[in-house]
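# Coordinate analysis (summary)
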Amino acid sequence: MHYCNNPLTWPRLGMVVGKKTGRSAVERNYMRRVLREQFRHRQAELKNVDLVVRTQKVFGRNDYPAVVLEFTELLGRLQRQADAQTVTQTTAPTQGVSG
């Protein structure tokens, strides 16, 4: 998962599900639907970020609980990193002209 801040007030999602990951369009579309649904459920928790999720292995209906858990953990880690960056930016000394 890659991310960066965006100037908007809502999060956005981009996905990369290549043919090497899922051979058939049905598999790839299922993976996109699952990821989009998980993002939709958790986008209120996110700040203004752009997420790009790149799948690396195929998952099916049997793997759904594991995918939800992994996506939740990744978003939690992202949220902690974003909070740490915000704290660093607000507590960093500002450069100004003394005088």
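Residues numbered from 1 in each chain as written. Predicted model: local features only at pLDDT ≥ 70, side-chain atom pairs only at ≥ 80, totals over all residues. Heavy atoms only, no water.

### Looking at the side chain of Arg-28
- Mapped onto the elements of the fold, Arg-28 is located in helix 1 (residues 25-42).
- Although Arg-28 is buried, it makes no salt bridge; Glu-27 carries the closest opposite charge, 6.5 Å away.
- At a separation of 2.9 Å, a polar atom in the side chain of Arg-28 contacts the main-chain carbonyl oxygen of Gly-22.
- With residues up to four places along the chain from it excluded, the contact list for Arg-28 reads Val-17, Gly-18, Lys-19, Gly-22 and Arg-23. (Helix = DSSP H or I, 4+ residues; strand = E, 2+ residues; numbered from the N terminus. Buried < 20%, exposed > 50% of the residue type's maximum accessible area, 1.4 Å probe, protein only. Lys, Arg positive; Asp, Glu negative; His and termini not counted. Salt bridge = Lys/Arg side-chain N within 4 Å of Asp/Glu carboxyl O. Polar contact = N/O pair within 3.5 Å; in protein donor to acceptor, adjacent residues only side chain to side chain. Contact = heavy atoms within 4.5 Å.)

### What to know about the environment of Leu-74
- Checked against the element boundaries, Leu-74 lands in helix 2 (residues 64-91).
- A residue is classified by how much of its surface remains accessible, and Leu-74, at 27% relative accessible area, is partly exposed.
- Taking the C-alpha atoms as reference points, Leu-74 and Met-1, separated by 73 residues in sequence, lie 7.9 Å from one another.

### Some thoughts on helix 1
- In this model, helix 1 (18 residues) spans 26 Å end to end at C-alpha, consistent with the 26 Å of a helix rising 1.5 Å per residue.
- For helix 1, the complete set of buried residues consists of Arg-28, Tyr-30, Met-31, Val-34, Leu-35, Gln-38, Phe-39 and Arg-42. In a view along the axis of helix 1, the buried residues occupy a sector of 165 degrees, so they form one face of it. (Expected span 1.5 Å × (residues − 1). Arc of directions from axis to C-beta.)

### Things to note about the nonpolar core
- Judged by nonpolar contacts, the single largest core of 15 residues is most densely connected at Leu-46, Leu-51, Phe-59, Phe-71, Leu-75 and Leu-78.
- Where this core is concerned, the elements lending two or more residues are helix 1, strand 3 (49-54) and helix 2.
- Tallying contributions element by element places helix 1 first for this core, with 5 residues.
- Ignoring anything within four residues of it in the chain, the contact list for Phe-59 reads Tyr-30, Met-31, Val-34, Leu-35 and Val-67. (Core = buried A, V, L, I, M, F, W, Y, C linked by side-chain atoms within 4.5 Å.)

### Comments concerning the pattern of salt bridges
- Applying the stated rule across the entire model yields 2 salt bridges.
- Across the pair Asp-50 and Arg-12 runs a salt bridge, and its minimum N-O distance is 2.8 Å. Of the two residues, Asp-50 is situated in strand 3 and Arg-12 in strand 2 (residues 12-16); the sequence distance between them amounts to 38 residues.
- A salt bridge links Glu-37 to Arg-40; the nearest nitrogen and oxygen atoms lie 2.7 Å apart. Separated by 3 residues within a single helix, Glu-37 and Arg-40 lie in helix 1, roughly one turn from each other.
- The partly exposed category is assigned to Glu-37, whose relative accessible area is 30%.

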